[in-house]
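This is what each chain is made of:
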Amino acid sequence: MKRRAQEAPSGAQGKGIAASSNLGQAASAARAPRQPAGGLLNWFQASKIKTLILNVFILYASIPFIIRMFPSLLQKFVFLNFLVFPFGVDFQKPEVYLNHTRNFYLTSEPGITIGIWHSLPDNMREEAEGKGPSWYEEALADDNPIIIYLHGNGGTRAASHRVRFAKAMSDSGFHVLAVDYRGYADSTGHPSENGFTTDILFVYDWVKARSRNSTVIFWGHSMGTGIATNTARRLKEKDGTIVDALVLEAPYTNIRDAAATIPVTKIYRKFPGFDYLILDTMALAGMIFPNDKNVQVLSSPILIIHSEDDAIIPIQHGRKLFEIAYNASEKKENVVFIPLPSAMGLGHDYISFHPDLAGILKNFLQSVK
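Owing to the predicted nature of the structure, the values given are computational and were not obtained by experimental measurement.

A. How the structure looks around the nonpolar core. Counting residues in hydrophobic clusters, the biggest one holds 60 residues, and the most contacted among them are Ile148, Phe218, Met223, Met287 and Phe289. With seven residues, helix α7 (residues 193-211) is the single largest residue contributor to this core. The residues contacting methionine 287, other than those within four sequence positions of it, are Leu74, Gln75, Val78, Phe79, Glu193, Ile255 and Met282. Val89, Trp117, Phe165 and Val247 belong to the second-largest nonpolar core, a separate cluster that totals 30 residues.

Here it is as structure tokens:
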């Protein structure tokens with residue numbers, strides 16, 4: 001009897017163990033249905049990724065067709081006047097960036113006012129102190145060469161590489177008039193190729209009316225090269241005026257060719273219909289900038305400067321434009337191409353940091369006299 005009594009707890013314990021085991025199995029069974037829920041979540045997440053990829057592809061494929069339907073959209077990709085850098089510039093205080101520099105405005109046509117910084121030659125620094133607008137205008141007739149500087153498609157006349165250019169040329173005895181086209185910086189109006197030409201024609205005439213026999217040079221950088229050659233061609237065709245010299249820094253042959261090689265279009269170059277949908281639409285948007293056609297009819301001396309490490313507009317554009325201009329020129333010695341080695345690291349925007357850029361220009365002007 002005692003033994004059975006002693007065994008009884010053992011039996012109860014067994015029942016407890018069995019009950020515990022049953023509870024464990026029940027708990028496992030209760031957890032089991034959660035596995036499909038995890039699989040559903042994974043499926044849902046994978047589905048969202050697939051939807052996202054599909055939407056991105058649809059957007060990618062739609063953009064060329066949207067551009068073809070609405071050509072003016074392309075102007076937003078070319079005329080980056082909304083990139084107002086550096087920020088917070090008071091254009092009426094150029095002395096923050098440059099010495100002996102005056103800010104002023106010209107009205108190129110009704111409703112269009114363009115902002116300009118005029119930097120004097122450095123040797124006039126002391127004489128310029130306290131002088132007003134009329135004195136600055138009269139100074140243009142001092143026989144120092146005058147550069148009308150035409151910048152690229154983004155930013156303003158206060159951008160660091162443009163300020164550097166004005167300083168380097170001023171230090172070497174040049175007047176520099178840095179222009180912000182219509183729609184850029186504090187200039188009014190909206191950007192357009194024809195509008196740019198109108199603006200610079202007005203600036204040129206304004207300068208010539210004050211400069212007497214001083215040499216007047218168009219210096220264009222990137223997009224500005226097309227504005228320079230457009231304006232020079234218009235002057236020649238209008239009344240036979242020959243611009244004293246053109247300097248084309250990091251130029252392209254024409255804006256269509258430039259669009260085919262700039263990095264931003266790389267993802268579309270293999271897209272079916274890329275030429276028709278995007279490149280051909282440039283002309284429909286009123287953007288041609290035909291440097292290649294312009295240089296064939298110009299009589300002005302032309303200096304082309306291009307850096308071998310230009311990742312925006314490859315140096316092949318500069319070489320080809322030089323060949324076109326050289327072959328068309330009656331005075332071959334008046335067309336010069338200067339490639340800058342990659343080792344200098346000047347790229348697309350920093351040719352103005354070349355240690356002897358002003359010397360290059362002076363040598364060129366001396367050679368074409």
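Having seen it, we continue.
B. Structural view of the pattern of salt bridges. This structure, assessed with the given rule, holds ten salt bridges. Here aspartate 205 and lysine 238 are joined by a salt bridge, their closest N and O atoms 3.9 Å apart. Here the residue aspartate 205 occupies a position in helix α7, and lysine 238 occupies one in helix α8 (residues 223-239), the gap between them amounting to 33 residues. A single salt-bridge network, built from bridges that share partners, covers Glu109, Arg182 and Asp199.

C. Representation of a nonpolar patch on the surface in the model. On the surface, a nonpolar cluster with roughly 390 Å² of combined accessible area is contributed by Ile66, Met69, Phe70 and Leu73. Locating phenylalanine 70 in the fold gives a position in the loop between α2 (34-69) and α3 (73-78). According to the relative accessible area criterion, phenylalanine 70 is partly exposed, its value standing at 46%.

D. The arrangement of the packing of α7 against α8 in detail. Put simply, α7 and α8 touch, their axes get as near as 9 Å, and they point 65° apart. Relative to α8, α7 is oriented so that their crossing is right-handed. When α7 is examined against α8, the residues Glu193, Asn194, Phe196, Thr197, Ile200, Leu201, Tyr204 and Asp205 are found in contact with a partner set consisting of Met223, Ile227, Asn230, Thr231, Arg234, Leu235 and Lys238. Each residue belonging to the contact of α7 with α8 can be placed in one class, and the counts come to seven nonpolar, four polar and four charged.

E. Broad picture of helix α6 (residues 160-171). With twelve residues, α6 extends 16 Å from end C-alpha to end C-alpha; this agrees with the ideal 16 Å at 1.5 Å per step. Those residues of α6 that sit buried are His161, Arg162, Val163, Phe165, Ala166, Met169 and Ser170. Summarising the contacts, the buried residues of α6 are in contact with β2 (112-119), β3 (146-150), β4 (175-180), β5 (216-221) and α14 (357-367). Of the residues flanking the end of α6, it is glycine 173, one or two places downstream, whose phi is positive at about 95°.

F. View of the sheet that holds strand β7 (residues 302-307). Spatially, the eight strands line up as an open sheet ordered β1-β2-β4-β3-β5-β6-β7-β8, and their pairing is mixed. Of all strands in the sheet, those bounded by a partner on one side alone are β1 (101-109) and β8 (335-340). Here the strands of the sheet are splayed against their neighbours by 20° on average, with no regard to which way each runs. One ladder, built from six bridges, connects β7 with β8; its direction is parallel. Pairing of histidine 306 across the sheet is with proline 339, part of β8.

G. Broad picture of the packing of α6 against α14. Orientation of α6 relative to α14, taken along the N-to-C sense of each, is 55°, at an axis distance of 9 Å. If you check the angle between α6 and α14, you find them oblique. The element α6 and its partner α14 pack so that their crossing is right-handed. Residues Phe165, Ala168 and Met169 of α6 pack against Leu357, Ala358 and Leu361 of α14. Taken together, the residues that form the contact of α6 with α14 break down as six nonpolar, no polar and no charged.

H. The environment of methionine 282, seen in detail. Mapped onto the fold, methionine 282 is located in helix α11 (residues 281-284). Residue methionine 282 is classed as buried on the basis of its relative accessible area of 4%. Remark: the alpha-carbon pair of methionine 282 and leucine 74, spanning 208 residues in sequence, is separated by 7.0 Å. If we ignore the near neighbours within four places in the chain, the residues touching methionine 282 are Leu74, Val78, Ile255, Ala259 and Met287.

I. Looking closely at the UniProt feature "transmembrane region" (unreviewed entry) in the protein chain. Residues given the UniProt feature "transmembrane region" (unreviewed entry) here are residues 52-70. Helix makes up 95% of residues 52-70 and strand 0%, with an end-to-end C-alpha separation of 26 Å.

J. Structural detail: the confidence of the model for the protein chain. On average, residues of the protein chain score 90 in pLDDT, and 89% of them are at 70 or above. Low confidence marks residues 1-21, where pLDDT is under 50. Its contacts with residues over four positions away, or in another chain, come to zero contacts. The low-confidence segment residues 26-30, where pLDDT is below 50, has zero contacts with residues more than four positions distant or belonging to other chains.

K. Geometry of helix α13 (residues 315-328). With 14 residues, α13 extends 20 Å between its outermost C-alpha atoms, agreeing within 8% with the 20 Å of an ideal straight helix rising 1.5 Å per residue. Turning to α13, its buried residues number three or more, namely Ile315, His317, Gly318, Leu321, Phe322 and Ala325. Buried positions in α13, seen along its axis, are confined to an arc of 145° and lie on one side of it. Exposed residues lying more than 90 degrees from the buried face of α13 are Gln316 and Asn327. On the buried face of α13, the contacting elements are β6 (245-249), α9 (255-261), α12 (291-294), β7 and β8.

L. View of the side chain of serine 214. Looking at the secondary structure, you find serine 214 in the loop between α7 and β5. In this structure serine 214 comes out as buried when scored by relative accessible area, which is 1%. Within the structure, serine 214 has its side chain in polar contact with the backbone oxygen of leucine 140 (distance 3.2 Å). Other than its neighbours up to four places away in sequence, serine 214 contacts Leu140, Ala141, Asp142, Asp143, Asn144, Ile146, Lys208 and Asp244.

The rules we used
- Residues numbered from 1 in each chain as written.
- Predicted model: local features only at pLDDT ≥ 70, side-chain atom pairs only at ≥ 80, totals over all residues.
- Heavy atoms only, no water.
- Core = buried A, V, L, I, M, F, W, Y, C linked by side-chain atoms within 4.5 Å.
- Buried < 20%, exposed > 50% of the residue type's maximum accessible area, 1.4 Å probe, protein only.
- Helix = DSSP H or I, 4+ residues; strand = E, 2+ residues; numbered from the N terminus.
- Contact = heavy atoms within 4.5 Å.
- Salt bridge = Lys/Arg side-chain N within 4 Å of Asp/Glu carboxyl O.
- Patch = residues over 30% accessible without salt bridge, like charges linked within 9 Å, V, L, I, M, F, W, Y side chains within 5 Å.
- Areas by Shrake-Rupley, 256 points an atom, 1.4 Å probe, with all protein chains shown as cover.
- Axes fitted to C-alpha atoms, helices over the stretch in contact; angles between N-to-C directions.
- Left-handed = near helix turned anticlockwise from the far one by under 90°.
- Nonpolar A, V, L, I, M, F, W, Y, C, P; charged D, E, K, R; others polar.
- Expected span 1.5 Å × (residues − 1).
- Pairing = 2+ DSSP bridges.
- Parallel < 35°, antiparallel > 145°, perpendicular 65-115°, else oblique.
- UniProt positions renumbered as here; feature names shortened; annotations may be inferred.
- pLDDT = per-residue confidence, 0-100.
- Arc of directions from axis to C-beta.
- Polar contact = N/O pair within 3.5 Å; in protein donor to acceptor, adjacent residues only side chain to side chain.

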